[in-house]
Amino acid sequence: MLVSLTVGKVDAGVTVLLTPDKRLIEFPSILLPPNISSGSIVDINVSQNIAKESAADRAFRTLQDKIYESFGAHEPITPSLRCRNATQTSLVLEWDPIELATADLISLSLYRNGQKAGNIPRPLQMHSTKISGLAVDTEYTFHLVLRTTAGTFTSERVPVRTHKMTNLSGITITTGILPGAVRENVVKAVERIGAKIVDSVRIDTTHFVTTEGRGQQWEKAVEGNIPVVRPEWVDACEKGGRILGVTKFYLDAMKPGPPIEEHTPSTPAAPSAEKDLPAAPRQQTEQPPKPKEKEEEETKKSESEEPKSEEEPEQKVKATPKEEQKVRFEDVQEQKVALRPGGTADQPSEARKSEDEDEDEGAKPAGTPDGSSFQEVEL
């Protein structure tokens, strides 16, 4: 179709064209002949290019298909949760690898009994988790919630019940370095109690049984906080018919044996205490100094009788007859009255002792090994 248009105004970028019915059309100046000016008339032939339209339509649809196949054909898959192993106080849950398609991961959360228990760290690499600190013989419900840029996906709820103390089927043992006979006994005992043995330390390994603390598997068990016990623990669980604590069966724990306290040298201290016992009566029986007459009497009796022990002389001194003391005292009083011209009967004890000494000097002295003397008194 041929169209004649009149040039109205020419600018550097846009030219204004007028139609026969006085309509204004803005037309790119670069598409017009170079020597046109205002008032020029140009003819423009307009036609439809169907071939090019078809080619452009095909190219556009191909691009749309590629976009759909890349971003719209696949979507994230809902995670599938299941229980791998259960014990009396712990659970091991696992799920298939997460498929996000073209979406981006936001988070993967674990829910217990409808409440969020926490986010799974590194959800693209981790496909299992262990939950500890649960109650014995109690039912729990778990499910996963996957959040992505393409939406939120929730797994089905999985009910799980922890085992009773008498249920040993949840025990998973990994053996370390064991003698041949001991290993055979452990394998048979594990089969009898219904537990299972795995070759390597895994997330569901509950106990590591060995007699030596070395090796790669032992290092993994220690790093994963898995109890390292002796083979006696398996036998004890079998005999008790229930799972037992591992405190007494740790590899580094002392094995049960004869008590060591019986051989400790605790008896030598007793003789020293018995030897010191006689000293106490001496201190308790100490008495104020006695008159010289009593000392002489005690010395005489001590020489006439052999002392059997350190306590017998003191008892004999206490057992001196009162009659002897009374006679001696009356004799001394008579002498004092005859010699004393006048005075009170009450004199100091020192004067009496001096007078007694003067009287004793006139009597026959009897010598003693320590140089002291005493007067023999006949009753």
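Up top is the structure.
Structure report, in brief. All values derive from a computational prediction rather than experimental measurement.

**Looking at the overall build of the protein chain**
Counting its secondary structure elements, the protein chain contains 10 helices and 18 strands. Taken across its 379 residues, the protein chain has 27% of its residues classed as buried. Taking the intrachain contacts of the protein chain between residues at least 6 apart in sequence as the baseline, contacts between residues at least 24 apart amount to 58%. Carbon and sulfur atoms provide 52% of the accessible area of the protein chain, an area that totals close to 26100 Å².

**Here we look at the sheet that holds strand S9 (residues 128-131)**
Here 3 strands make up an open sheet; going across it, the order is S5-S6-S9 and the pairing antiparallel. Each having just a single partner strand, strand S5 (81-86) and S9 make up the two edges of the open sheet. Direction aside, the axes of adjacent strands within the sheet are offset by 25 degrees on average.

**A look at a nonpolar patch on the surface**
A surface patch of nonpolar side chains, about 310 Å² in accessible area, is lined by Leu63, Ile67 and Phe71. Residue placement: leucine 63 occurs in helix H1 (residues 50-71).

**A word on the sheet that holds strand S13 (residues 172-175)**
Strand order across the open sheet formed by 4 strands is S14-S13-S15-S16, with parallel pairing between neighbours. Edge positions in the sheet fall to strand S14 (196-198) and strand S16 (228-229), since each has one partner strand and no second.

**Digging into the packing of aromatic side chains**
Using the criterion set out here, one finds 1 aromatic pair in the structure. Note on tyrosine 140 and phenylalanine 142: the rings are 6.3 Å apart at their centroids and 35 degrees apart in plane angle, and the pair reads as tilted. In terms of burial, tyrosine 140 and phenylalanine 142 fall into one category: buried.

**Focus on the environment of valine 186**
Summarising the element assignment, valine 186 is placed in helix H2 (residues 180-193). Its relative accessible area of 3% is what places valine 186 among the buried residues. For the pair valine 186 and isoleucine 173, spaced 13 residues apart in sequence, the C-alpha to C-alpha distance is 9.8 Å. The contacts of valine 186, once residues within four sequence positions are left out, are Thr175, Leu178, Pro231 and Val234.

**Notes on the side chain of threonine 174**
Examined against the element boundaries, threonine 174 turns out to sit in strand S13. A distance of 3.3 Å separates polar atoms of two side chains, one belonging to threonine 174 and the other to threonine 205. Beyond its immediate sequence surroundings of up to four residues, threonine 174 is in contact with Val198, Asp199, Ser200, Val201, Thr205, His207, Phe208 and Val209.

**A word on the pattern of salt bridges**
Enumeration over the complete set of coordinates arrives at 12 salt bridges. Note that arginine 82 is salt-bridged to glutamate 94, the shortest N-O span being 3.3 Å. Pair noted here: arginine 82 is in strand S5 and glutamate 94 is in strand S6 (residues 91-95), with a separation of 12 residues, a long-range link. Here glutamate 238 ties to arginine 192 by a salt bridge, and the two come within 2.5 Å at their closest N and O atoms. With glutamate 238 in helix H4 (residues 232-240) and arginine 192 in helix H2, the pair connects residues that are 46 residues apart, well separated along the chain. A residue is classified by how much of its surface remains accessible, and arginine 192, at 53% relative accessible area, is exposed. Each of Arg82, Arg84, Glu94, Asp96, Arg202 and Asp204 takes part in salt bridges that share partners, so that together they form one network.

**Quick look at unusual backbone geometry**
Where the residue is not glycine, phi is negative for most of them; where a peptide bond is considered, it is trans in most cases. Look at asparagine 113: it is not a glycine, yet its phi comes out positive at around 55 degrees. Relative accessible area serves as the criterion here: at 44%, asparagine 113 is assigned to the partly exposed category.

**Some words on the side chain of histidine 207**
In this structure, histidine 207 sits in strand S15 (residues 207-209). Only 3.0 Å separates the side chain of histidine 207 from the side chain of threonine 206, close enough to count as a polar contact. In this structure, histidine 207 is in contact with Ile171, Thr172, Ile173, Thr174, Ile226, Pro227, Trp233, Ile243 and Val246, ignoring residues within four places of it in sequence.

**Remarks on the pairing of strand S2 (residues 14-18)**
Here S2 shows one buried face, formed by Thr15 and Leu17, and one open face, formed by Val14, Val16 and Leu18. Both strand S1 (residues 2-10) and S2 contribute to a ladder of 4 bridges, which runs antiparallel. Bridge assignment links lysine 9 to a residue of S2, and that residue is valine 16. Adjacent in sequence and paired antiparallel, S1 and S2 are bridged by 3 residues. Pairing of S2 with strand S3 (residues 24-28), which is carried by 5 bridges, proceeds in the antiparallel orientation. Paired with leucine 17 across the bridge in S3 is isoleucine 25.

About the cut-offs
Residues numbered from 1 in each chain as written. Predicted model: local features only at pLDDT ≥ 70, side-chain atom pairs only at ≥ 80, totals over all residues. Heavy atoms only, no water. Helix = DSSP H or I, 4+ residues; strand = E, 2+ residues; numbered from the N terminus. Buried < 20%, exposed > 50% of the residue type's maximum accessible area, 1.4 Å probe, protein only. Contact = heavy atoms within 4.5 Å. Areas by Shrake-Rupley, 256 points an atom, 1.4 Å probe, with all protein chains shown as cover. Pairing = 2+ DSSP bridges. Axes fitted to C-alpha atoms, helices over the stretch in contact; angles between N-to-C directions. Patch = residues over 30% accessible without salt bridge, like charges linked within 9 Å, V, L, I, M, F, W, Y side chains within 5 Å. Salt bridge = Lys/Arg side-chain N within 4 Å of Asp/Glu carboxyl O. Phe/Tyr/Trp six-rings, centres within 6.5 Å; stacked < 30°, edge-to-face > 60°. Polar contact = N/O pair within 3.5 Å; in protein donor to acceptor, adjacent residues only side chain to side chain.

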